[in-house]
Structure formats: structure tokens, C-alpha cells
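# Examination of the molecular architecture
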Amino acid sequence: MDQPHIRNFSIIAHIDHGKSTLADRVLELTDAVADRDMREQVLDTMELERERGITIKAQAVRVLWKGHQLNLIDTPGHVDFTYEVSRSLQACEGSLLLVDAAQGIQAQTLANAYLAIENNLEIVPVANKIDLPQADPDGAAAELAQLVGDDPENVLRISAKTGVGVGEVLDAIVERIPAPSGNREAPARALIFDSSYDQYRGVVAFVRVVDGSFRTREPLRAMAQGTRFEAEELGFFAPTRQAVESLEAGEVGYVITGLKDVSKLRVGDTLTSAARPASDPLPGYKDVKPMVFAGLFPTDSDDYPELRDALEKLKLNDGALFYEPETSQALGFGFRCGFLGLLHMEIVRERLEREFDLDLLVTAPNVAYNIITPSGESVEVHNPSEMPAELERVEEPYIKASIIVPKEFVGPVMELNNERRGRFDHMEYLSETRVLLSYELPLAEIVLDYYDQLKSQTRGYASFDYDLIGFREGKLVRVDVLIAGDSVDALSLIVHRDNAYARGKALVERLRVEIPRQMFDVPVQAAIGSRVIARETIKAKRKDVLAKCYGGDITRKRKLLEKQKAGKKRMKQVGAVEVPQEAFLAVLNLDGGKR
Amino acid sequence: MTGRVEHLYVHVPFCAHRCGYCDFVTAVGRREEHAPYVEALLVELALERELLAPELKTVFVGGGTPTFTESRALARLLESLPAATEVTVEANPETVTAELGRLLRRHGVNRVSLGVQSFRPHLLRTLERRAGPDDVRRAVYHLRDASFDNISFDLIYGIPGQSASDLDRDLSEALALEPEHLSCYELEAKRGTRFTYAHGQELAAQAETMEAYYERVVETLTTASYRWYETANFCRSEARDLRARHNLAYWSGSDYLGIGLGAVSTVGGRRSRNTARLSLYTGPLMRGARPAREVEALPEAVRRRERVMLGLRLDEPLPLAGVRGALDDAALARLERGGLLTRAPADGAAVDEAISLTARGRFLAGGVAAELIA
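The rules behind each value
Residues numbered from 1 in each chain as written. Chains lettered and ligands numbered in written order. Predicted model: local features only at pLDDT ≥ 70, side-chain atom pairs only at ≥ 80, totals over all residues. Heavy atoms only, no water. pLDDT = per-residue confidence, 0-100. Contact = heavy atoms within 4.5 Å. Salt bridge = Lys/Arg side-chain N within 4 Å of Asp/Glu carboxyl O. Helix = DSSP H or I, 4+ residues; strand = E, 2+ residues; numbered from the N terminus. Buried < 20%, exposed > 50% of the residue type's maximum accessible area, 1.4 Å probe, protein only. Patch = residues over 30% accessible without salt bridge, like charges linked within 9 Å, V, L, I, M, F, W, Y side chains within 5 Å. Areas by Shrake-Rupley, 256 points an atom, 1.4 Å probe, with all protein chains shown as cover. 1 Å grid on protein atoms, 1.4 Å probe; cavity = no way out; pocket = protein on both sides within 12 Å on 5 of 7 lines; lining within 4 Å. Points joined across faces, edges and corners; volume = space filled by probe spheres on them. Nonpolar A, V, L, I, M, F, W, Y, C, P; charged D, E, K, R; others polar. Pairing = 2+ DSSP bridges. Axes fitted to C-alpha atoms, helices over the stretch in contact; angles between N-to-C directions.

Residues and elements named next belong to chain A. Of the residues in chain A, 93% have a pLDDT of 70 or more, and the chain-wide mean is 86. Low pLDDT, under 50, characterises residues 34-38; the predicted model gives this stretch 4 contacts beyond four residues in sequence or across chains. Predicted confidence is poor over residues 52-58, with pLDDT under 50, and the contacts of this stretch with residues over four places away or in other chains come to 34 contacts.

Take a look at the structure:
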């Protein structure tokens, strides 16, 4: 279709603000989906997404509305995927900014809205859920209008659930969002804004064609990574897959590449023709690096090969996932995995357990550290136990956090951020009652339980988003844990020097509770280097014998004994001490243990 | 009679009342069934007789409450059992009369195990026991009168509501009656009993208190010159060996024949358990056939594990000769370093070794066994 009749748009919304429902209504209204095929939330394909109510992987759907081709580009809805969101936004000319009229703008929405504004996207503000009794359409409209610098009159008021106002949304897309304006004669360029993996067809790239056109069977090249392949099939989703001969400038669709490795085709890269390449790639490509790391160990060490295979398969669908083998003296063989953030970690863990039926032990997450050695070399460390004793300084990743709260919670949130080594940046009133707080925080301070704490301090009202802003020097030390005199690598942690004593003390107290009493007294110590900073003793058991055992119950008692023995085998033997696997998670909940 | 089994257990399931904590095979009331049951027992004994050695070392009549059995049926049973060096009958105190004492004595019984449990009335009520403290004293009097010189008490500690001073009172009242033998058990919450339903949480909550109670029991009884010869069993130290020889047979891994409802036998690497349903037991025996039973094969490895588990309950060294393949040598060394056991050459054997638990090791015998078995 010619470019003046094409509109490419995305929907920016907070989780549960109705993005998927609106997408469903759009498909219905444009007859893209036959009623019998109509499932709730057509765009969310994965079972997991359905259950968690979030969208992990973006897709694009093409619909027709009053002679126009509308491409809805679905964006991931969470903080960990900011980069993917930014690429999805770059593939559009406009965005619907969808806000639940009962809840108002949330931090994440705000962050993505700013991202859209930075990308020069036309924003169409929409207040959703006006059918709810507690909805405040005027309040939401005022907030939206202030944010995008528009008149509250221009804020659309709809109910995606009942369908009220959805037609007007489609009209507004055609009227307000600009048509694409690529050069169809120029050498072909397309932005990869998402990819997935099909076990038969290989990597499938989702692209927005910016200039020129692409044809089936044409040899192509990814400009940043240099990957070459042939376009086995081009097409679009409507919402089922429809193959086409060519994709033209302005259009959105997919490319089946036949590539067997997703890491060869990264989001943000530019596709061009191998025969007639463009001279410059599209701007904005970044090699996203994992910032949060955790050890993944099979609960049953016999499952190690299954875990390895599962990670391999998962990586096919998740270019951002990083893993390398790790051997822990306490936990055996496993993998140190890198994630974009905490949600990414949770998703990977759940997929491993659900789709691959694995029982996993995930160690407390930590961030990546930059160690500057005395010789001036810089080493990235993903595991506290790798932190060398001799070092010049340590740098840790920092984030810029945006927190939106009702004004009465400003105090508690500031207190929390101060405890977490936060540096106040600024504060701004979004409305009379809602405040945006901006802080700079070490990433390490939010990877454990920050979000839980934030939610509980604000009775669930806070919304939170963050952006990485780089590495900064920190006064960090490694705290080791010794059980019965043996250092346990999987329990080491890196903390700020000022918190070391409190954290060490909390950790050994926690371990004293988590580790069952043994047949000997077991000292549990926290130490920095050779200096012990906290100590607890797990007192020895004084009785461990069955009351009676006669001829009639020898079998039963023997089976109990064998069960006790099997229980011992499931524990990790640290020196002479049996440590249950749960104890290794003690680090996770030092601050009260709500998990 | 060509067999080699020297230990016979006879189960008599009848009771006046089923106590809430009990999970033994019991049958309440049914006095009219006592005589037919005894006949069935005797048929089973005849069927299995060839397993028994010409001279038995021990016979143990347990229950249930064997002394609740209707007296003619009881007499018929006792007179039909083979003689043995030690013949024990279990009795509830309230069932012991002068006549019963004489009846037992007349039929070769030379040891009585009394189900005392406690001397404190409120605790006996909790346990749903019918006898009171006076019944115990009266029972001992009648038994001594019938010239029994080997009486054992069963005591239970850890009864919900039992204070440390209740325990002290129980122990001192028991000692005042000078029994030759004492078995002291911690009350267990056995799955599926009424008692566990009512008191399970209390029992779970008092686990740490029970450490102190157990230590108290051992300390009090050993101070009173009783020998702590098995985890839960004590006997007066005197020239006679007053250990329960029938039970010693279990703990040292000897073969035994069990007859009666739900009775277990271990003979020649095979363990079998009779059905626990009365009709399935007596029915076939009335026709001269064996009752239904479950059979469990005991491979050598399993028997070794059992020998370790049981042997570590005793105060005598466990010879390593027969169990070596079953042990984890690293654990053995670790436990020795930790002061829970010692290794020494076994008596009379210069080459082979035996292991003995230290006092602390004996309190942890279960954990030690779990760690030791490979």
C-alpha cells in the first residue's frame, strides 16, 4: 500500500490498564479475527504471558480501517525491556497513551511516554475503563493533557471492555498520526524491533521497512552484526501469518531468516539488501548487556544436563539471556546466568521450571561489578566469590529511578531510598495528589527486595521504573560466610562497607534459623577477609533416636531411617555440616523475610 | 522339631478399651472370640512349629492386653506354648489379681511386663488408661506374692500436660516399687490415632523439652543403679542378667517367629507379617491353612543396615565384622572425631573392630545410624 495510507502505531500502557483488551477490540472492529477465533488477548501468545498478564515479546498486527493499513506494534510492558520498547517505538510514527481512568498514570507509562516523545512520536492520549464506577475520566484526562501538552478535550475516553469509543480511537489514529515518509527508491533499510525463534524455520525477525523494499529470496545483511542470510519468507500477521512477495517502505512485517542462532540477529539492528546495501544503518542500535546475575543450580545434581539443554533452547528465544557454567563448592554444577533485570530473571526461572519441568535453586541475585586491579586493569565480575582480595577500587552499576506515589507516601519512600544509598535528584507534582520522585540508586540496592519494600511502604500505590546510567565507584566489600570454619562460596555477598556489619549479622542470624541443628555445635560466622564481623552458634541436637523398636516394627523403623538418610543426601554437605538448600536463599530475605 | 528359631512372639490383640495413642493391632471387647482366637493361634503354632528349635530361649506374649483375655482361654494358651528360659507376658495393672498371678506362675511365666505408663492420675486420664497408681502397687504386690522376681514397667514421658516434676514423681514412684526392669518411651504421635488428632501439635511443639526429659530419665535411672542397656530400656544391675532377652534377640538381629494377628516373623532372610484383620486370620486357620500375610525379602544389604540401626541402640559394642559393607567410612571417621563413637578391637578378636557410642552418641543413635549407613 502507498505510504499515505499506512499508519504505524503502538500502545503505551501500564500492566492491567487494558492494552490487550483494546488490541482485541481493534481486531474485532476491523474484522481481522473471525468471532470463532476470537480469544481474549489475541496478541499474548505465550501461556506465561497470559498468566502473568504481561507481554514479553512484541508482535505486530496489520488491520484495515476505512481504506488505511494500520500496523499495531505491541510493546513489552516492563522496565527490564526498555531497550526493546524503544526499538518498538522507533518503528512507529505514533502511540496511543492508554491510561486506566481509575488509576491514573503510572511510572512505567510515564517513562515510556517520555521515550515516545523523545522519538518524536505523535501521542494520542486515551483514558480507558470509563465504565468503572471508580473511574475519574476528568482527572485522568487532565493528567494526560498536562503530560503531552494537549487540551483535555482531545483526550479520548473509552471502555475497551465494552467497546465504547474504540472506533473513535481508530479514526484518531488515521487523523492524528502521520503517515510514514520513507524513500521507496533508496537502498532498502528495515529496523528489527523484535525477533522470535521457530524450531523449524529458525529466527523470525519483526521489521519496520524504512526505505526501499525487500523481496522474498533476496540475500540480506544485518548491518551492525554483519550477519548474512536469505529472506526465506516475507509476510505480516493479520493476526495469522500471511506470506507476501515483498515488503515496502512504511510497512511492518516479518522476515523468516532460517538462521539457527538468535544472537546473530539482535533487536535494533538494520537489515539491508546484500546486493544493493544502504550506506548507513538506522540509528540507535545497542548491544544490551545483562546487569543482574544469579546462579542457577539443579536441585537434583543429576539434572545438570537437562538444565544445560533447557538454557540452550531458551536462549534461542531470548537473545538477552546470558549463561556460563559455574561450579560452586556448596551447590555443585550449575550456571551463572545474566539477566536484563529482576523480572527477566523471574521469567527465565519460571519458564525453566514450567516448560522444562526442572527443579531449580536460584541463588540471591547480584549485579555486575567492575573491578579495577592494582595494575589498572578493569575486570567485570559476575559473582561475589570471584571478587579478588587485591583491588584498587570497585565500580557498581547505578540507575535513575522514577517513583510515582500519592503525596502522603513521599516521606516513607525518601526514607527507603536513603537506606538504599539513594541520591535524591528531584521531585515534581504530576497533579495535586501525585508526586514523581527521581533518585539515583545503586542497582545492587534494588535487586533483592526493593520493589517489595516500596510496595509495602506505600500500601501498593507506588509505581516504579528505572534506567541504567552507568558505573560508579562504591566503597564495597565482600562478606564471606563460614559454616563450621569452612567458607561457603554460594553465600558470599558484596555490600557497602557501612552496611557490612548489619548485613553480616542479619545473615548469620538467618542461617542459624535455616540450618537445622546437627549432631555437633556449628559456628556460623560472617567475615570480611580474615576479620569475623558476626557469629552465631547452632547448638547441637541432644536427642535423635526413635523411642522404641521391637520385632514388629523393624521394617517401618528401617524405612524411616532410610528416609532420614535420603533427606541427608538432599542436603548440601559443607564440611561436616548438612545445609538445606533453602539456607542458600537466606541472603534473599534479610530484611524481614516476606517472600 | 528341626528348626533353629529360638524366640517366639505370641500376639493376643484383645483389650478392654483402645487407648487414644495406641497403634498396635488390637480388638476391643469380643470376649466370646477369645477362645476361638486361642485355638487359631495354636493351629498356627502347629503349622510353624518345625521352624522352632528344640529348646526355646524366649517366649513373649504381647498385645493388646494378654491378661484381659478370658482366663480359661488364657490358661489354654499358656499351657500349650513351648517352654523357654524367659517367658514374658504383658499385663495391664488393673487386670492383675492374685489368681492371675498364680495362673501365670503355674503355666511357666517368669517375667511380667506391666503397662504402668504413669503414676499421675491426670496424665493417665489423658492417655485414657484405666489403671490408677494404686492398681500398679496392688499388681506388683500380687505378682511378688506369686513369687515373680522379674517385673518390668513401661513408662511414658512427654504426655501433654506433664511437667518436669510430674516426670520426677513418676520415676521416683516407679523406683520405689523396685522393678527389675524399666522401659521408658517418649510418647509418639502416631499417624492416624485419635491422640495425634487431638494432641499432635502439642507433641510437635515440645520436641526440645523432650531432650531434657530424656536426659532426666537416663540420669535418674542410671543414678539409681539401673543399667541403660538399650535406648529406652533399663535393668537393675545385679548378678543376674535382667535385660529383656526376648527383645535383645530383636536388637541383635536373631531370627524370631511371631504368631497371631498382625504378628511379624523374621526367619532366614525373610520377614512376614500376618494380616491384621481378625476374620482373615482365624478363617483360614480354622480350615488348617495359613493366614494371609505380607512377605518382605531381606537381602543381605538390608539386614546389615538393620543390624547397624538396632545394634547402635545397645550399650555393647557393635562388631564391624558383619556390617562393614553397610557403613560409610568417611562418616565413621567424622563421628569419631566429633566424639559420638569410639572404635576398639572387639572382645577376644585381635583383628576385627567394634564401634561403641559415647554417652552423647547414644542420645543421637538414630542420627548416627542415618549418617553411618552407606
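The rest of the description comes next.
A few words on the pattern of salt bridges. Across all of its chains, the model carries 67 salt bridges over all chains by this definition. Its salt-bridge partner being Arg25 of chain A, residue Glu28 of chain A comes within 3.4 Å of it at the nearest N-O pair. Placement of both Glu28 of chain A and Arg25 of chain A in helix H1 (residues 19-29) is noted, with a separation of 3 residues, approximately one turn of the helix. Judged by relative accessible area, which is 15%, Arg25 of chain A ranks as buried. The shortest N-O distance in the salt bridge between Glu99 of chain B and Arg102 of chain B comes to 3.9 Å. Within this pair, Glu99 of chain B and its partner Arg102 of chain B are both found in helix H3 (residues 98-106), separated by 3 residues, close to a single helical turn. On the basis of relative accessibility, which here comes to 46%, the residue Arg102 of chain B falls in the partly exposed class. Through salt bridges with shared partners, one network takes in Arg558 and Glu562 of chain A together with Arg271, Glu296, Arg305 and Glu306 of chain B.

We now examine a nonpolar patch on the surface. A cluster of nonpolar side chains, contributed by Phe424, Met427 and Tyr429 of chain A, occupies part of the molecular surface with about 290 Å² of accessible area. Within the element layout of this structure, Met427 of chain A appears in strand E25 (residues 423-429).

To continue, consider empty space enclosed by the protein. Remark: the empty space left among the atoms is shown by a probe the size of a water molecule rolled over them. Residue and element names in this part refer to chain A. By the definition in use, this model includes 8 cavities of 30 Å³ or more. As for the largest cavity, its lining consists of 16 residues, of which Glu84, Arg266, Val267, Gly319 and Ala320 are closest to the centre. Its residues assigned to classes, the lining of the largest cavity shows 8 nonpolar, 3 polar and 5 charged.

Residue and element names in this part refer to chain B. Read across the sheet, 3 strands follow the order E12-E13-E14 without closing on themselves; strand pairing throughout is antiparallel. The open sheet has two free edges, formed respectively by strand E12 (264-267) and strand E14 (293-297), since each of these has just one partner strand. The mean inter-strand angle of the sheet, taken between neighbouring strand axes irrespective of direction, is 15 degrees. Pairing geometry for E12 and strand E13 (residues 270-274), over 4 bridges, is antiparallel. Along E13, the bridge assignment pairs Val267 with Arg270.

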